[in-house]
Amino acid sequence: MPQSSQVLLQPRKLPVQARSTASVDAILEATIQVLLGVGKERLTTTRVAMRAGVSVGTLYQYFPNKSSLLQAALRRHMDEVMEAVERVCIEQKGNTLQQMATALVTAFLTAKMRDAKASIALYSISSGLDGAKIVQQVGVRCNKAIVGMLTTSCEPPGKDPQLVASMLQGAMAGVSRRLLESDAPEKQFDALHQELVFLVCAYLEASSARSSVLR
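Predicted, not measured: the structure shown is a model, and the values here were computed from it. (Residues numbered from 1 in each chain as written. Predicted model: local features only at pLDDT ≥ 70, side-chain atom pairs only at ≥ 80, totals over all residues. Heavy atoms only, no water.)

Caption draft 1: Spotlight on helix 9 (residues 161–180). End to end, helix 9 covers 28 Å across 20 residues, agreeing with the expected 28 Å (1.5 Å per residue, within 8%). Within helix 9 the residues assigned to the buried category are Val164, Ala165, Leu168, Gln169, Met172, Val175, Ser176, Leu179 and Leu180. Along the long axis of helix 9, the arc covered by the buried residues comes to 145°, so they all point the same way. (Helix = DSSP H or I, 4+ residues; strand = E, 2+ residues; numbered from the N terminus. Expected span 1.5 Å × (residues − 1). Buried < 20%, exposed > 50% of the residue type's maximum accessible area, 1.4 Å probe, protein only. Arc of directions from axis to C-beta.)

Set out below in structure tokens:
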């Protein structure tokens, strides 16, 4: 992407006071509501400002155009999912691999699908918002959190904890994508959640056993 396009997607400034933060939160929440209501093509900064209860001038203090609005909403969603992952990885330190895997999958999918309609809408437009770059950045954080958790287990997680963490990320991302592309994600959530837990637990058990044999 050309450098000029990247600049246009960046917020004009970051909120530094509680009031400013509240305004940005309201704007981003309104962005999701308008996106769900009228779609990407009919979404405008004016519509978002009206829904958020702020002036267009206030909105422009933070976001130069609707692309920057949508990217910020996508980034906030990904950050919320990542915060849930980081939190559960801290909470699960010292537990068994099975406990870790179950909690990790549950936290990830629950956060990802907390608002299924918003998640699906953001996923559908992410390719035009430099979404791959955001996912890559979040993936680095996710890998670090999972590795930090796995290495505290009394069971060896595998010869290369970073590779094991990457495999877990890939499995979770695949199931998440399946849900986001489904016509009825709510109906498939429980079944896919259970199968993903089974999958990652079996993988971690086999990885740990193989690591023990190789030592």
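Next, the rest of the story.
Caption draft 2: Structural detail: the environment of Gly57. Within the secondary structure, Gly57 is located in helix 4 (residues 56–62). Classification of Gly57 as partly exposed rests on a relative accessible area of 44%. C-alpha separation for the pair Gly57 and Thr45, spaced twelve residues apart in sequence, amounts to 9.9 Å.

Caption draft 3: Seen up close, the environment of Asp130. Inspection of the secondary structure puts Asp130 in the loop between helix 7 (116–125) and helix 8 (131–150). You can call Asp130 partly exposed: its relative accessible area is 21%.

Caption draft 4: Representation of the nonpolar core in the model. Core analysis: the largest hydrophobic core is formed by 65 residues, its most contacted members being Phe63, Leu104, Ile146 and Leu150. The contacts of Ile146, once residues within four sequence positions are left out, are Cys89, Leu104, Ala165, Leu168, Gln169 and Met172. (Core = buried A, V, L, I, M, F, W, Y, C linked by side-chain atoms within 4.5 Å. Contact = heavy atoms within 4.5 Å.)

Caption draft 5: Highlighting the pattern of salt bridges. Within this structure, the stated rule accounts for four salt bridges. Residue Glu29 pairs with Arg76 through a salt bridge whose shortest N-O separation is 3.2 Å. One end of the pair, Glu29, is in helix 2 (residues 18–38); the other, Arg76, is in helix 5 (residues 66–91), with 47 residues separating them in the sequence. Classification of Glu29 as partly exposed rests on a relative accessible area of 35%. On the basis of relative accessible area, Arg76 is assigned to the partly exposed category, the value being 21%. A salt bridge links Glu86 to Arg141, with the nearest nitrogen and oxygen atoms 2.9 Å apart. Here the residue Glu86 occupies a position in helix 5, and Arg141 occupies one in helix 8, the gap between them amounting to 55 residues. If you follow the salt bridges from partner to partner, you end up with Asp79, Glu86 and Arg141 in one network. (Salt bridge = Lys/Arg side-chain N within 4 Å of Asp/Glu carboxyl O.)

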